[in-house]
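# What the coordinates show
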Amino acid sequence: MNGGRATVLVAGAGIGGLTAALALAGKGFKIIVAERAPRLEEAGAGLQLSPNASSVLISLGLLSSLETSAIAPDAVSVMSGPRGSELVRLPLDKSSPTAPYWVIHRADLQATLAAQANAHPLIELRLGCELENFATTTGGVVVNLRQGTTPQRETVAALIGADGLWSAVRRQLDPVIQPRFTGLIAWRGTIENRLPLGQAESPRVQLWMGSNAHLVTYPMAHGQQTNVVAISSGQWHDQGWSVPATAAEAGAAFTASRWSEPARAIIASVTQWRKWALFTLPASVTWADGRVALLGDAAHAMLPFAAQGAGMAIEDAAILAECLGDTNDDVATALKRYTDLRRERVARVQNLARQNGRIYHLAGPAAAARDFAMRLLGGRRLLSRQNWIYDWRA
Ligand SMILES: Cc1cc2nc3c(=O)[nH]c(=O)nc-3n(C[C@H](O)[C@H](O)[C@H](O)COP(=O)(O)OP(=O)(O)OC[C@H]3O[C@@H](n4cnc5c(N)ncnc54)[C@H](O)[C@@H]3O)c2cc1C
């Protein structure tokens, strides 16, 4: 389908929705982005953007603006939680300056994308505007929105549901599907300035593995903050990304009998915790039907243990724009092609994330065998196992 000023409505101004808006506007489409939140808040914490994702953002002209807020760590240190020492270091190669490995505060990335969208003549960003439902007709999609108390109706050529885990678009497209609680909770916090112990001189991602729990840290905000995410099992599973939590709940799985002093010092240095119950979607979600398609978490919410939640949404956006921008296809064919191009790769990443979680949380002899195998393989070979993810280009 040719952009030719046809209008596409994107529901959700998260990372996926805003990237899709920019990519589609680049193909000549007029875009309405309807975002439920009245303002783009500082909710959330850090995200990792591997080269497969950073390359898409750079192709959208965001290199110079993202370089001011993103940090390029020089390595991922895999740490033994019980022993407190580094098991293996995966060097993040900087030999490809056009596609760096970045860590960034989600709010900074979203603000950068939103600024670029606001400056684009083909994009209209409506905040405080919730998608309520839609109906497809022969010539388009009628989308019912509500901005405050005012109902709005738009008839558009295509509707893209980038409205996250609890997607209203998916609810209508595939009503049977429900997000599943995984029994895992992410506890998130930040430490001002530097880590008290175990922090490397250069910026680095640290992954601490321990029995039935793990911990990830990396620098953010020009190195002024360290992002801390602790994952452990639990029953609590309300919705929301930033529910306040106590230090006692967050630290409960990180006991002195199982976790070394340096790891526990990281936990103890966080002054304010937030919690986020981890839900996933099954691979059977209907991604597209006619002129309506899903993107990002709305289609494939996954565990964050491959650090690819944002990355897959960004890749989706690039491929969606390629397919819709193809002048040979009508909208439904283009959206079907988008689905066909994305499903298999995303399912593979979802599986990897699940598998990583099991490996990170091993205990006893299985953990010892894992540590031995990781040391034997070494950082470069471990990293090369991610090539199929990181080397992807739109
Ligand atoms: C507030 C928030 C904080 C997060 N923090 C982190 C974090 O710290 N670390 C991490 O790894 N991941 C975090 N995530 C998840 C991460 O952003 C996503 O996994 C990934 O970026 C894929 O994004 P997405 O665009 O598909 O969905 P999301 O980022 O979830 O964005 C969906 C957007 O759609 C909007 N929306 C929902 N329903 C409607 C509707 N009916 N009409 C209009 N708009 C609607 C939401 O308000 C949201 O802005 C967070 C998500 C959110 C929403």
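Description of the structure in this document.

### Some thoughts on the packing of aromatic side chains
On inspection of all chains with the given rule, the structure shows six aromatic pairs. A ring pair is formed by Trp166 and Phe279, whose centres lie 5.0 Å apart and whose planes are at 75 degrees; its orientation type is edge-to-face. One end of the pair, Trp166, is in the loop between strand 11 (158-161) and helix 5 (168-173); the other, Phe279, is in strand 17 (residues 273-280), with 113 residues separating them in the sequence. Centre to centre, the rings of Trp241 and Trp276 are 4.8 Å apart; their planes meet at 55 degrees, and the pair counts as tilted. Of this pair, Trp241 sits in the loop between strand 15 (225-233) and strand 16 (243-245) while Trp276 sits in strand 17, and the two are 35 residues apart along the sequence. A relative accessible area of 18% means that Trp276 is categorised as buried. Here a set of aromatic residues connected by ring pairs shows up, and it is made of Trp166, Phe181 and Phe279. Sitting above the plane of the Trp236 ring, Lys275 keeps its charged end 4.6 Å from the centroid. One cation-aromatic arrangement involves Arg348 over Trp388; the distance from NZ or CZ to the ring centre is 3.8 Å.

### Let's talk about helix 2 (residues 51-59)
The element helix 2 is largely enclosed, with a buried count of seven among its nine residues. For helix 2, the set of buried residues is Pro51, Asn52, Ala53, Ser54, Ser55, Val56 and Leu57. A positive phi of about 85 degrees marks Gly61, the residue just after helix 2.

Scoring rules and cut-offs
- Residues numbered from 1 in each chain as written.
- Predicted model: local features only at pLDDT ≥ 70, side-chain atom pairs only at ≥ 80, totals over all residues.
- Heavy atoms only, no water.
- Phe/Tyr/Trp six-rings, centres within 6.5 Å; stacked < 30°, edge-to-face > 60°.
- Helix = DSSP H or I, 4+ residues; strand = E, 2+ residues; numbered from the N terminus.
- Buried < 20%, exposed > 50% of the residue type's maximum accessible area, 1.4 Å probe, protein only.
- Lys NZ or Arg CZ within 6 Å of the ring centre and 35° of its normal.

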